[in-house]
2 protein chains.
Amino acid sequence: MRHWEANMADNGVNVAALIEAREALTKAPEAAQFKWRAACEWKDGTHSHSTVEGFYGLGQEQHHKKTFAFDADHPEIFAAADQGATPVEYVLVGLASCLTAGIAAVAQNRNIQLRSVKATVEGDMDIQGILGIDEDVRNGFGGIKVTYNIDADAKREDIEALVAQSQKRSAVFDVVTNPTNVTVLVNPKNG
Amino acid sequence: MRHWEANMADNGVNVAALIEAREALTKAPEAAQFKWRAACEWKDGTHSHSTVEGFYGLGQEQHHKKTFAFDADHPEIFAAADQGATPVEYVLVGLASCLTAGIAAVAQNRNIQLRSVKATVEGDMDIQGILGIDEDVRNGFGGIKVTYNIDADAKREDIEALVAQSQKRSAVFDVVTNPTNVTVLVNPKNG
């Protein structure tokens, strides 16, 4: 349900609810502790099937409306079956969708009507890293370039400011640009 | 087509082709320069639709067998429509699928038969960061825990070594645990 004023931009983001959430969580920071999850099952070769359904937040277990399922694989030029997007492409989808959601939310908050927002994301990778050819080459991206084409009812500098603010508050932008500690545990069944 | 020896493990990974690729790329490092891509289009609110299809590598444009499409959104508790997985969940899918593909490839190379590989990934996030409540709280994950349950024809330490080697060569593990430079360009249509 949307209840914006007639002279307000409507990007479909319920900013009032987000501001309310911010106020509520300022008073109850323990409710702001979230856990996001995915489950992954190996199928064959480099093909795996992942699902996303439950997460934790606001002090209790939460659920998506449905289970989201994703196949990942390596492409045929890596002698694989190409049964899904390559894992690194999932990261690019996460980055683009996080920044795009942020742009819509910030635009709503600033009363800027968006007409269209399109992004292309490109990550350079020297695969001498993952192939173990050169120890000085990293496994991940050398760098990532995101290009936005935005049609909005605003001046150029205001559109640029939207994107800058989205970067500043983007979870995935932070994950990609800053280090995160990852702990990997193994439970062998047959050891 | 699989042509493994009768006494060889078969995890469906063509390791011979990967070793051949490593040899070829050692002689022609320019062919190892890849570009991975995603395109993202804003739909409404925090909902976006992304596609993955083309990439660049081995000195030319490459294509997946088909276009992979992904919807991303925020969940209902964020007053959004939950039309897809949350962007940060895409990162977890990328991480789990990258490590899992690596485990299968390393196991093949070490002649270890995998029976099942399942992972759960959980990323902690204090959303006081993305909500701008506390500037000292980061936007991304505080930390990520990956738990593998692996049933394989190998000793416990050999199974653990598989996972350790996969981490060492994983592109997404590197992206998450180390910083990557991201450049964001904006082309406003109406400025």
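Use the structure listed above.
One structure accompanies this document, and this report is about it. (Residues numbered from 1 in each chain as written. Chains lettered and ligands numbered in written order. Predicted model: local features only at pLDDT ≥ 70, side-chain atom pairs only at ≥ 80, totals over all residues. Heavy atoms only, no water.)

Comments concerning the layout of surface pockets
Note the threshold: Every definition here rests on a 1 Å grid over the protein atoms only: cavities are sets of points where a 1.4 Å probe fits but cannot get out, pockets are open sets enclosed by protein on both sides within 12 Å along at least five of seven lines, and lining residues have some atom within 4 Å of a point. Grid points are joined across faces, edges and corners, and a volume is the space filled by probe spheres set on the points. Going along the chain from the N terminus, every DSSP run of H or I of four or more residues is numbered as a helix, and every run of E of two or more is numbered as a strand.
Put simply, the largest pocket is a space of about 1100 Å³. Around the largest pocket sit 49 residues that line it, and A:T46, A:H74, B:V13, B:L18 and B:A105 are the ones nearest its centre. Secondary structure elements with two or more residues in the lining of the largest pocket: α1 (15–27), α2 (87–109) and α3 (156–169) of chain B. At nine residues, α1(B) tops the list of elements feeding residues into the lining of the largest pocket. By volume, the second largest pocket is sized at about 790 Å³.

Overview of the packing of aromatic side chains
Under the convention used in this document: Geometry of aromatic contacts follows a simple scheme: Phe, Tyr and Trp rings, the Trp one being its six-membered ring, pair when their centres are within 6.5 Å, and the pair is stacked under 30 degrees between planes, edge-to-face over 60, tilted otherwise. Here's how the labels work: a residue is buried when its accessible area is under 20% of the maximum for its type, exposed when over 50%, partly exposed in between, all with a 1.4 Å probe on protein chains only.
Counted by the stated rule, this structure contains 16 aromatic pairs over all chains. Centre to centre, the rings of B:F34 and B:F55 are 6.4 Å apart; their planes meet at 15°, and the pair counts as stacked. Here B:F55 lies in strand β2 (residues 47–57) and B:F34 lies in strand β1 (residues 33–44), a separation of 21 residues in the sequence. Like B:F55, B:F34 is buried. Arranged with centres 5.9 Å apart and planes meeting at 80°, the rings of B:F70 and B:Y90 form a pair that is edge-to-face. Separated by 20 residues along the polypeptide, B:F70 in strand β3 (residues 60–72) and B:Y90 in helix α2 bring together distant segments of the chain. Exposure remark for B:F70: the relative accessible area of 7% places this residue in the buried category. Taking relative accessible area as the criterion, B:Y90 reaches 1% and is therefore assigned buried. Every member of this aromatic cluster is reached through a ring pair, and the members are A:F34, A:W36, A:F55 and B:F78.

Digging into unusual backbone geometry
Even without glycine at this site, A:N111 takes up a positive phi of about 60°. On the accessibility criterion, A:N111 (34% relative accessible area) is partly exposed.

A few points about the relation of the copies chain A and chain B
Counted only if it meets this: Only residues with pLDDT of at least 70 in both copies contribute their C-alpha atoms to the least-squares superposition of the copies. It only takes one pair of heavy atoms within 4.5 Å for two residues to be counted as in contact.
Overlay of chain A on chain B (RMSD 0.0 Å): rotation 180°, translation along the axis 0.0 Å. Read as a symmetry element, the transformation amounts to a two-fold axis. Counting the interface residues of chain A, we find that 100% of their copies in chain B are interface residues as well, pointing to one common contact surface.

Quick word on the interface of chain A and chain B
Going by this rule: As a working definition, buried area equals the accessible area (1.4 Å probe) given up by two parts on being put together, with both sides summed. A carboxyl oxygen of Asp or Glu within 4 Å of a side-chain nitrogen of Lys or Arg is what we treat as a salt bridge. Polar here means any residue other than Ala, Val, Leu, Ile, Met, Phe, Trp, Tyr, Cys and Pro, which are nonpolar, and Asp, Glu, Lys and Arg, which are charged; Gly is therefore polar. Note: two strands are recorded as paired if DSSP finds a minimum of 2 bridges between them.
In this assembly, 131 residues from chain A lie in contact with 131 residues from chain B. Between chain A and chain B, the buried area comes to about 11800 Å², and carbon and sulfur atoms account for 61% of it. Sorting the residues of chain A by area buried against chain B places A:W36, A:W42 and A:R169 first, and these three jointly supply 7% of that buried surface. B:E122 is the salt-bridge partner of A:R37, the closest N and O atoms lying 2.6 Å from each other. Among the elements that take part in the side of chain A that touches chain B, helix α2 (residues 87–109) of chain A stands out by supplying 16 residues, more than any other. Here the side of chain A that touches chain B is built from residues that sort into 65 nonpolar, 39 polar and 27 charged. As judged from the nine bridges shared by strand β4 (residues 114–126) of chain A and β1(B), these two strands associate in the antiparallel manner. Pairing of A:K118 across the sheet is with B:E41, part of β1(B).

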